[in-house]
Amino acid sequence: MIKEITAHDLNTEKFITEKVNEIRAAVGSGMAINALSGGVDSSVVTMLGHRALGTRLRTVFIQNGLMREGEPKRVADIFKKLGVTVEIVDAQKEFLEALKGITDPEQKREAITQTFYKKVFGRIVRESGAKHLLQGTILTDVDETVAGIKRQHNVFAQLGIDPQETFGYQILEPLIQLRKDGVRMTGKALGLPEEMFNRIPFPGPALAARIIGEVTQEKLDIVRKATAIVEELLGGQGAFQYMAILHDDRVTGMRDGKRDFGRQIEVRCWDSIDAREARPTKLPFELLETMASIILKKVPGVVSVTYNIASKPPSTIEAV
Ligand code: XMP
């Protein structure tokens, strides 16, 4: 049974000191490795690990090609300013290859998970010689696994490592007693900038969760451009989460006096407390019109922009 530390009870300085000491004690004179995605949990773990181990923590950012515009460099630059070196590993081809021909949402998620753990990160861990892996598991992940919402995951098995045969591997999960609010507080206390500790939620499968149907390079380029526009325009609205979705089917449009059987972008913007229930944000119509005109002008091949007005449930926040 994991003992929860609520945000109310959390003393960030005491927590950080304890976790830094625990990481140091576990790793001894060895080295540790972690994967940074740029999300809040992995960012906080990176800072804790760095504080504990300095350069004996190797932090890798896996560029899976499914990220938002400029994301790998942006994240690496932010950490560089904090004195943390982030190694960007280009694995775009492997992920695109794994996603080829897949249209089913769960199969897409599975392909991404398998490629991440078994192929890319698993290989890096095995080759690194690090025996300690820092992971940003939080208490909500544990609850969701127990409740069957998340798949039970044995990280070693996913990495292709058999701890029985390969003695000595250890996973360290310093955030496991916290919920998201406690993680954000810890991130702030560790000196992360607000844009990192207060980021809006973004799914693990990244832009692949925003493409209906097969994920291709062309579709990724379209949804990435539309996402940048939506995030830029909706950033100041106080919404819980906002996104652009690329539909699989095409609709008739007109461009330069000719029929253009083009792409459709759906914009979603949600008000929510914890993502369990959500309602579309009542955005000003002028803002929606401005957003549509920018998307139509700047994103190649798009002839239709819609705004979702269905609530969760029965809708979900992501479309895939
Ligand atoms: P849904 O779409 O289920 O999303 O209403 C609820 C929240 O979870 C995020 N989400 C995911 N996060 N991997 C993640 O790490 C996923 O596969 C995934 N699917 C959805 C979603 O962005 C929302 O905040």
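Computed from a predicted structure; not experimentally measured. (Residues numbered from 1 in each chain as written. Predicted model: local features only at pLDDT ≥ 70, side-chain atom pairs only at ≥ 80, totals over all residues. Heavy atoms only, no water.)

Re empty space enclosed by the protein
Going through the model one piece at a time under the given rule, you end up with one cavity of 30 Å³ or more. Taken as a whole, the largest cavity encloses approximately 30 Å³ of empty space. If you trace the largest cavity, you find it lined by Asn-64, Gly-65, Gln-92, Leu-96, Gln-217 and Leu-220. Where the lining of the largest cavity is concerned, the elements lending two or more residues are helix 4 (92-99) and helix 10 (217-234). (1 Å grid on protein atoms, 1.4 Å probe; cavity = no way out; pocket = protein on both sides within 12 Å on 5 of 7 lines; lining within 4 Å. Points joined across faces, edges and corners; volume = space filled by probe spheres on them. Helix = DSSP H or I, 4+ residues; strand = E, 2+ residues; numbered from the N terminus.)

What about the layout of surface pockets?
Of the pockets and cavities examined, the second largest pocket occupies roughly 360 Å³. Of all elements in the fold, only helix 3 (71-81), helix 9 (194-197) and helix 10 reach the threshold of two or more residues within the lining of the second largest pocket. The leading source of residues in the lining of the second largest pocket is helix 10, at five residues. A class-by-class count of the residues in the lining of the second largest pocket yields three nonpolar, two polar and ten charged. (Nonpolar A, V, L, I, M, F, W, Y, C, P; charged D, E, K, R; others polar.)

What to know about the sheet that holds strand 2 (residues 57-63)
Reading across from one edge, 3-2-1-4-5 is the order of the five strands in this open sheet, with parallel pairing throughout. Each having just a single partner strand, strand 3 (86-90) and strand 5 (170-172) make up the two edges of the open sheet. Averaged over all adjacent pairs, the angle separating strand axes in this sheet is 30°, with direction ignored. One ladder, built from three bridges, connects strand 1 (residues 32-35) with strand 4 (residues 132-134); its direction is parallel. Each bridged residue has a counterpart across the sheet, and for Asn-34 the counterpart in strand 4 is Leu-134. Most of the contacts of helix 1 (residues 12-27) go to strand 5, to which it runs at about 170°, and overall it touches strand 1, strand 4 and strand 5. Running over the sheet, helix 3 touches strand 2 and strand 3 and is turned about 165° from strand 3. (Pairing = 2+ DSSP bridges. Axes fitted to C-alpha atoms, helices over the stretch in contact; angles between N-to-C directions. Contact = heavy atoms within 4.5 Å.)

Quick word on the packing of helix 1 against helix 8 (residues 180-189)
At their nearest, the axes of helix 1 and helix 8 sit 10 Å apart, and the two run at 85° to each other. The orientation of helix 1 relative to helix 8 falls into the category roughly perpendicular. The residues of helix 8 that touch helix 1, namely those facing Thr-12, Glu-13, Phe-15 and Ile-16, are Met-185, Thr-186 and Ala-189. Residues that form the contact of helix 1 with helix 8 fall into these classes: four nonpolar, two polar and one charged. (Parallel < 35°, antiparallel > 145°, perpendicular 65-115°, else oblique.)

Some remarks on the site of the ligand
In the region of the ligand, the neighbouring residues are Arg-109, Pro-201, Pro-203, Gly-204, Pro-205, Gln-241, Ala-275, Lys-312, Thr-316, Ile-317 and Glu-318. The contact in question runs from an oxygen atom of the ligand to an N or O atom on the side chain of Lys-312, over 2.6 Å. In this structure, an oxygen atom belonging to the ligand sits 2.5 Å away from a side-chain N or O atom of Glu-318. When the free accessible area of the ligand is taken as 500 Å², the share hidden by the protein chains comes to 69%. (Near = heavy atom within 4 Å. Polar contact = N/O pair within 3.5 Å; in protein donor to acceptor, adjacent residues only side chain to side chain. Areas by Shrake-Rupley, 256 points an atom, 1.4 Å probe, with all protein chains shown as cover.)

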